[in-house]
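A closer look at the structure
As a plain string of letters, each chain reads:
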Amino acid sequence: MNAFYEHHKSSIKFGYRCFDRILLNGLIQPFQQPERVLGFFNTYREGKRVTRHTLTEIADQFHHWVTNRSEKWGAPIVEAPRQERRDDFVLPYLQKTEADHVAVILKAREPARILVAIGGKQNQCPHLELKQRWVNQYNFYLNDQHWGPMFVRMCPYFPFSARMCLNQHHWLALRMQQEAIVYRQCKNAFLQCSDPKRLQELADSLTAQDLLRCGQKWLTALTPFFTPQERRQAGCQHRLFFSQVELCDNLIFFRRAAVDQFTERLLDMNRTIGQPKKITLIFGRKVTRQYKGKLQTELEDLDLPNPVIRSHYAHGFTKQYVRDDRLLRTEPATNDVTDYGVNKNVENLPQLRPRMSEIIDHYHDAQQDILETFVDRGQLQKLAQPTTLPTGKRIPGLKLDHPRQLAVMHALVRFANIAAGSTFTTADLYLPALDALGLPQSQYPLASLRYDLSKLRAKGLLEKLPHSRRYRLVNKGYSICVLFLKLFERIYAPLTAGLLQPFPGDRHLAQDKRCQLDRLYQRLTDDLGALFSAVGLKTAA
C-alpha cells in the first residue's frame, strides 16, 4: 500500500481497486482496407459489385433484422433521450430482464466510420473509401450472464463498426453472489463487504479472455450478415480495442466526519500549492513539440457533495471525489491507453492494470506529501547552510523566504511533472517559474534558473539523469519543496501580514462570521501580540 493509505488506515474500513467503466471499440480488421472488401465479395458473394446500392441494401437488411428481433425479444426500439442520462432511462427495462436477454434498443444518430462507394456509373467499378458519417445506430442494452447490465452499439452500415461498454462492478457483484459473499452495492461502488480480501482477489482475477468471450458472443449475435463459414475462413470477426478505461481505487471510511475532515484539508492544500488565487492551480508543460493535450490540475463542482479534484494529462485524467457518503474514490481514466505505453488491443489488459494502479499510488503519494510533510530537528538549519562541493566550489544554501527559490519550487511540485514520469528539463520549469515570480525573461534569465537548481542538487534533493538534459527530484526533494512552500505561504507570510498590516474591519467581525482558518490565525496573532508586549516589543498599528 502507498503512504497515503498507511497514514489514514485507522479511519478506513476497507478498500479495493477494480476497473469501473471499460469502453471497447470493435472492428473487423480485414475490412479496414477497401481492396479487401472487394476480395471478400468476389470470393464469398459470387463476385457481387460493391456499389452504393449494394451498401444501402446491406444497411436496409440490418434495419429489418433489428425490427424483427425487437418483436421476437420483446425489446422495444425507442429513440435515445436527449436530456435524461441513458443509464437512468434504460434502468427500468434492465431491472426486469433475464440473463442473456436484450432489454431495450435505443436508436440514435451518432458518428461512425462506414464504407462509401464513389462513382461507378455506366458499369464502371466504384471507388471505395472509409468515411466518418453521422448515421442512425442501435444501442442494445442487455443483461449478460457474466457481466450483468451492459450495452453494445452496432452500426448497421458496412463494415459494422461496434462499441461495447462493460463495468467490472457488475461483474464482481455476480462473482460474489456465486461465492455467498455478503455485500451492499450502491450503483458503481461497494459500501459493505463481508470479505474485502476476497473482493480484491476477484477484482485482480479479471483477464482479457473475460472481455473477449463476452465481446465475441454478442458481436457475433448482432452481425447476422456473415455466415459461420465466412467468420472462420475470411476472419469476419470483430477485434476489440480499448477506447476508454477507468480504474478506480475505493476507500470506504468508518465515519463521514473523517473523510470530510481529510478532504477539506486536501482541497485547501491543493488551492495553495502552485497558484493560490486560481482554481486551476498547477499549469501543465509541453511534453513534446507535438503535445496538444490538456495538462493541469483543477477543482470542479459537479453537483456532488464535495468538489472534484481533476488532474489532466494527455488524453486522460485522474479525478478524486467523495461519493455515497463515506467513499473516497481516486480514478484514473484515459481515452488512449498508448499514453501509458500500452497498446490498444484488449490482450494487453495485464500490462494496463499495473500501469494505471501505479498512477493511483503516485497520486496518493503526492497528496500525502502535501498533507503531511516534516523535517527532523536541525535539518532545516543544514539546508540553509552553504554546501562545499568536492571541487571546492561553494554553493549557497536554501533560504525559506527567497522569492526565486520559492518560484522554482512552485514549478517543481506541479502534478504535471508527476504525470510525465517525475522528470523535467530546465526549459519545462522556466515559464512556470517566471509566472510565479511575475517577472519578464530579461530579469530572470534561464541561467539564473539553472543556478537556483544547482542549490537543490548540492543538497542531494535533485539529480540530473545520465546522458540526458532531464532532472528528477530524489529522496525527499518533493517533500522539502512542499514544506518550504507551506511554511512561507501558510504560516510566515499570513502571520506577518496579520501583525504588520491587519485589516481593521476584521477585528469587528463576530467569531461565527469568520472561517476556521481566520479564527486560528487571529488567535495566534493575538498570542504573539501579548508575547511581544511582555518582552518589550511593539508591533505596527
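Predicted, not measured: the structure shown is a model, and the values here were computed from it. (Residues numbered from 1 in each chain as written. Predicted model: local features only at pLDDT ≥ 70, side-chain atom pairs only at ≥ 80, totals over all residues. Heavy atoms only, no water.)

**Comments concerning the environment of Phe-41**
Rule in force here: Going along the chain from the N terminus, every DSSP run of H or I of four or more residues is numbered as a helix, and every run of E of two or more is numbered as a strand. Burial status follows relative accessibility: with a 1.4 Å probe on protein chains alone, a residue under 20% of its type maximum counts as buried, one over 50% as exposed, and anything between as partly exposed. In what follows, a contact means two residues having at least one pair of non-hydrogen atoms within 4.5 Å.
Looking at the secondary structure, you find Phe-41 in helix H2 (residues 34-44). Taking relative accessible area as the criterion, Phe-41 reaches 2% and is therefore assigned buried. Among all residues touching Phe-41, those that are not within four sequence positions of it are Glu-46, Gly-47, Lys-48, Val-50, Thr-54, Ile-58, Phe-158 and Phe-225.

**A closer look at the packing of aromatic side chains**
Convention followed: Under the pairing criterion, centres of Phe, Tyr and Trp rings, with the six-membered ring standing for Trp, must be within 6.5 Å; the plane angle then separates stacked pairs below 30 degrees from edge-to-face pairs above 60, leaving the rest tilted. Charge-over-ring placement is defined geometrically: NZ (Lys) or CZ (Arg) within 6 Å of the ring centre, and within 35 degrees of the ring normal.
In the structure shown here, the tally under the stated rule is 24 aromatic pairs. Measuring from centroid to centroid gives 5.5 Å for Phe-40 and Phe-41, while their planes differ by 90°, and the two rings are edge-to-face. Taken as a pair, Phe-40 and Phe-41 share a single burial class, namely buried. Between Phe-62 and Tyr-138, the aromatic rings sit 6.2 Å apart at their centres with planes inclined by 35°, giving tilted as the arrangement. Of this pair, Phe-62 sits in helix H3 (residues 52-73) while Tyr-138 sits in strand E4 (residues 127-144), placing them 76 residues apart in sequence. Comparing Phe-62 with Tyr-138 shows no difference in burial state: the two are buried. Directly above the ring of Trp-171 sits Arg-175, whose terminal nitrogen or CZ lies 5.0 Å from the centroid.

**What about the sheet that holds strand E18 (residues 471-473)?**
Where strands meet in a sheet, backbone hydrogen bonds hold them as pairs that are either parallel or antiparallel. Spelled out, the test is: Two strands form a pair only when DSSP identifies at least two bridges running between them.
Read across the open sheet, the three strands follow the order E16-E18-E17; overall the sheet is antiparallel. Each of the sheet's edge strands pairs with one partner strand only, and the pair in question is strand E16 (423-424) and strand E17 (462-464). Relative to E18, E16 runs antiparallel, the two sharing two bridges. Its bridge partner lying in E18, Thr-423 is registered against Arg-472.

**Focus: the packing of helix H14 (residues 426-437) against helix H15 (residues 446-458)**
How two helices pack is summed up by the angle between their axes together with the distance between the axes. Convention followed: Axis definition: a line fitted to C-alpha atoms, over the contacting stretch in the case of helices. Angles run 0 to 180 degrees between N-to-C directions. Should an angle fall under 35 degrees it is called roughly parallel, over 145 degrees roughly antiparallel, and 65 to 115 degrees roughly perpendicular, with every other angle called oblique. Classes in brief: Ala, Val, Leu, Ile, Met, Phe, Trp, Tyr, Cys and Pro nonpolar; Asp, Glu, Lys and Arg charged; the others, Gly included, polar.
In the contact formed by H14 and H15, the axes pass within 10 Å of each other and the chain directions differ by 105°. Classified by the interaxial angle, the pair formed by H14 and H15 is roughly perpendicular. Listed contacts from H15 to Thr-426, Leu-429, Tyr-430 and Ala-433 of H14 are Leu-446, Leu-449, Arg-450 and Leu-453. Taken together, the residues that form the contact of H14 with H15 break down as six nonpolar, one polar and one charged.

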